[in-house]
Structures are given as C-alpha cells and as structure tokens.
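Okay, here's what each chain looks like letter by letter:
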Amino acid sequence: MTLTGEPMAPVDLYISCYRLVELAAFDPSGTFMGLSLPWIAQAWGKVVAQRSFQLANPRSAQRAINDFLDSDTLAVSRIGRLLLDLLSNVRVPLSDEIVIQLRTMAGRA
C-alpha cells in the first residue's frame, strides 16, 4: 500500500516483498519478518481486490494469498513461498540465483 492508501502496483509490491526477504539474514530471531506478515497479506489482498487486471491470473494469486494466510510455517518461509507462487502472476524477471534462494527459503529446494 502506498502512503496515500492506494494499493501498490503488483510489480512494485512484489519487489518490496523480495526486499523484505533480503533482510531475513539480519533478523535471526524472525521478529521483523513476523511483523511484516499482516502488511504483506493486506497489501496483496488489496492488489487482488482492486488491481486484479494487472495480474496474469487473479484466481491463482488469491489462492497463493490464502495459502500464505493459512500457513503456520516460519515467516520467511511463508514469504518465500508466496513470492514463488506469485511469480507467474506478476512476471518479474528474476535471475536463477534469486529463484533458487526463494525455493530454499520456501523449503522447496
């Protein structure tokens, strides 16, 4: 969500979430990652509700968000999985190294 309360563009939100994942190495307790979960869920929920036309498959994105909300795994794993699940919806060009990193975080390596 932007400072004005508008939902972010899906690509911008995706990149913001990835930047949060990059901070995981500096958050050994997982506190920061845990505190970011409600914001991530709310922001992606708004994107699906108000900007679904910018997603390749809004239903798939909604399923990914629901899985994210229903999961009880560690925050960084949940965020990594969400980013992997949303990758085809947002069409962000990621390097193979970043995809491998996300898979590792999500427990899908």
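Predicted model, so just to flag it, every value in this text is computed and none were measured. (Residues numbered from 1 in each chain as written. Predicted model: local features only at pLDDT ≥ 70, side-chain atom pairs only at ≥ 80, totals over all residues. Heavy atoms only, no water.)

### A word on the nonpolar core
Stage number 1. In this structure, Tyr14, Ile40, Trp44, Ile79, Leu82 and Leu83 are the most contacted members of the largest nonpolar core, which totals 33 residues.
Stage number 2. Among the elements of the structure, helix H1 (10–22), helix H2 (31–50), helix H3 (58–70), helix H4 (75–90) and helix H5 (96–106) are those that each provide at least two residues to this core. (Core = buried A, V, L, I, M, F, W, Y, C linked by side-chain atoms within 4.5 Å. Buried < 20%, exposed > 50% of the residue type's maximum accessible area, 1.4 Å probe, protein only. Helix = DSSP H or I, 4+ residues; strand = E, 2+ residues; numbered from the N terminus.)

### Things to note about a nonpolar patch on the surface
Stage number 1. Together, Leu23, Phe26 and Phe32 make up an exposed nonpolar region whose accessible area comes to about 340 Å².
Stage number 2. Secondary-structure assignment places Phe26 in the loop between H1 and H2.
Stage number 3. A residue is classified by how much of its surface remains accessible, and Phe26, at 70% relative accessible area, is exposed. (Patch = residues over 30% accessible without salt bridge, like charges linked within 9 Å, V, L, I, M, F, W, Y side chains within 5 Å. Areas by Shrake-Rupley, 256 points an atom, 1.4 Å probe, with all protein chains shown as cover. Salt bridge = Lys/Arg side-chain N within 4 Å of Asp/Glu carboxyl O.)

### Observations regarding the environment of Ala61
Stage number 1. Its location among the elements puts Ala61 in helix H3.
Stage number 2. In this structure, the C-alpha to C-alpha distance between Ala61 and Val48, residues 13 residues apart in sequence, is 7.2 Å.
Stage number 3. Residue contacts for Ala61: discarding those within four places in its chain leaves Val48, Leu55, Leu86 and Asn89. (Contact = heavy atoms within 4.5 Å.)

### Let's talk about the packing of H1 against H5
Stage number 1. At a closest axis distance of 12 Å, the pairing of H1 and H5 adopts a crossing angle of 65°. Classified by the interaxial angle, the pair formed by H1 and H5 is roughly perpendicular. The handedness of the crossing between H1 and H5 comes out as left-handed. In contact with Tyr14, Tyr18 and Val21 of H1, H5 contributes Ile98, Gln101, Leu102 and Met105. (Axes fitted to C-alpha atoms, helices over the stretch in contact; angles between N-to-C directions. Parallel < 35°, antiparallel > 145°, perpendicular 65-115°, else oblique. Left-handed = near helix turned anticlockwise from the far one by under 90°.)

### A look at the environment of Ala43
Stage number 1. Of note, Ala43 is situated in helix H2.
Stage number 2. Note: C-alpha distance between Ala43 and Gly80 (37 residues apart in sequence) is 16 Å.

### Structural notes on the side chain of Ser71
Stage number 1. Inspection of the secondary structure assignment puts Ser71 in the loop between H3 and H4.
Stage number 2. Given a relative accessible area of 16%, Ser71 falls into the buried group.
Stage number 3. Side chain to side chain, Ser71 and Thr73 meet in a polar contact 2.9 Å long. (Polar contact = N/O pair within 3.5 Å; in protein donor to acceptor, adjacent residues only side chain to side chain.)

### Considering the packing of aromatic side chains
Stage number 1. All told, the structure shown has zero aromatic pairs when counted by the stated rule.
Stage number 2. Across the ring face of Phe68, the terminal group of Arg78 is positioned such that the distance to the ring centre comes to 5.0 Å. (Phe/Tyr/Trp six-rings, centres within 6.5 Å; stacked < 30°, edge-to-face > 60°. Lys NZ or Arg CZ within 6 Å of the ring centre and 35° of its normal.)

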